[in-house]
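# Architecture and fold: a report
Here are the chains, one letter per residue:
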Amino acid sequence: MKELEYGKGYQYAHDEEGRVADMDCLPESLRGRTYFKPTQEGREKQLAARMEEIRQIRTGKRTRTT
């Protein structure tokens with residue numbers, strides 16, 4: 001499979017900084033949409049913080065590669 005370059009360019013999140021891969025896996029027509037808007041209550045507050053952390057990590061990775 002390596003000879004066929006199977007998986008070339010794939011980023012395994014667990015090997016990446018912050019455990020976040022900078023890959024877009026959705027079709028272009030679905031990118032940028034918001035599907036979940038957490039509240040500031042209970043576990044959702046923690047999820048909101050992690051989502052923001054992921055956004056910042058991805059932004060930083062994109063800034064360094066451009």
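In short, a report on the structure. (Residues numbered from 1 in each chain as written. Predicted model: local features only at pLDDT ≥ 70, side-chain atom pairs only at ≥ 80, totals over all residues. Heavy atoms only, no water.)

Okay, the overall build of the protein chain next. A count of helices and strands for the protein chain gives 1 helix and 0 strands. Taking 11 Å as the expected radius of gyration for a compact globule of 66 residues, we find that the protein chain reaches 15 Å, considerably beyond that expectation. Within the protein chain, buried positions represent 8% of all 66 residues. Considering only contacts in the protein chain between residues 6 or more positions apart, those separated by 24 or more positions represent 50%. Total accessible area computed for the protein chain in this model is approximately 6,100 Å², and 52% of it derives from carbon and sulfur atoms. Computed over 14 positive and 12 negative side-chain charges, the separation of the two mean positions in the protein chain equals 3 Å. (Helix = DSSP H or I, 4+ residues; strand = E, 2+ residues; numbered from the N terminus. Rg over C-alpha atoms; globule rule 2.2 N^0.38 Å. Buried < 20%, exposed > 50% of the residue type's maximum accessible area, 1.4 Å probe, protein only. Contact = heavy atoms within 4.5 Å. Areas by Shrake-Rupley, 256 points an atom, 1.4 Å probe, with all protein chains shown as cover. Lys, Arg positive; Asp, Glu negative; His and termini not counted. Charge placed at Lys NZ, Arg CZ, Asp CG, Glu CD.)

Time to look at unusual backbone geometry. Positive phi values are uncommon outside glycine, yet glutamate 5 reaches one of about 60 degrees. Tracing the sequence through the fold places glutamate 5 in the segment before helix H1 (42-65).

Moving on: the pattern of salt bridges. All chains considered together, the criterion is met by 5 salt bridges. Of the charged contacts in the structure, one is a salt bridge between glutamate 16 and lysine 61, with a shortest N-O distance of 3.6 Å. Highlighted residues: glutamate 16 in the segment before H1 and lysine 61 in helix H1, separated in sequence by 45 residues. Note on glutamate 16: relative accessible area 25%, which makes it partly exposed. Residue classification places lysine 61 among the buried residues on the basis of a relative accessible area of 9%. (Salt bridge = Lys/Arg side-chain N within 4 Å of Asp/Glu carboxyl O.)

Our focus in this paragraph is the environment of arginine 50. Inspection of the secondary structure puts arginine 50 in helix H1. When neighbours within four sequence positions are excluded, arginine 50 is seen to be in contact with Gly18, Arg19, Val20 and Ile57. In this structure the side chain of arginine 50 is engaged in a polar contact, spanning 3.0 Å, whose partner is the backbone oxygen of glycine 18. (Polar contact = N/O pair within 3.5 Å; in protein donor to acceptor, adjacent residues only side chain to side chain.)

This next bit is on a nonpolar patch on the surface. Side chains of Leu26, Tyr35, Phe36, Leu47 and Met51 sit close together on the surface and give an oily, nonpolar patch of about 480 Å² of accessible area. Looking at the element boundaries, tyrosine 35 is found in the segment before H1. Its relative accessible area of 58% is what places tyrosine 35 among the exposed residues. (Patch = residues over 30% accessible without salt bridge, like charges linked within 9 Å, V, L, I, M, F, W, Y side chains within 5 Å.)

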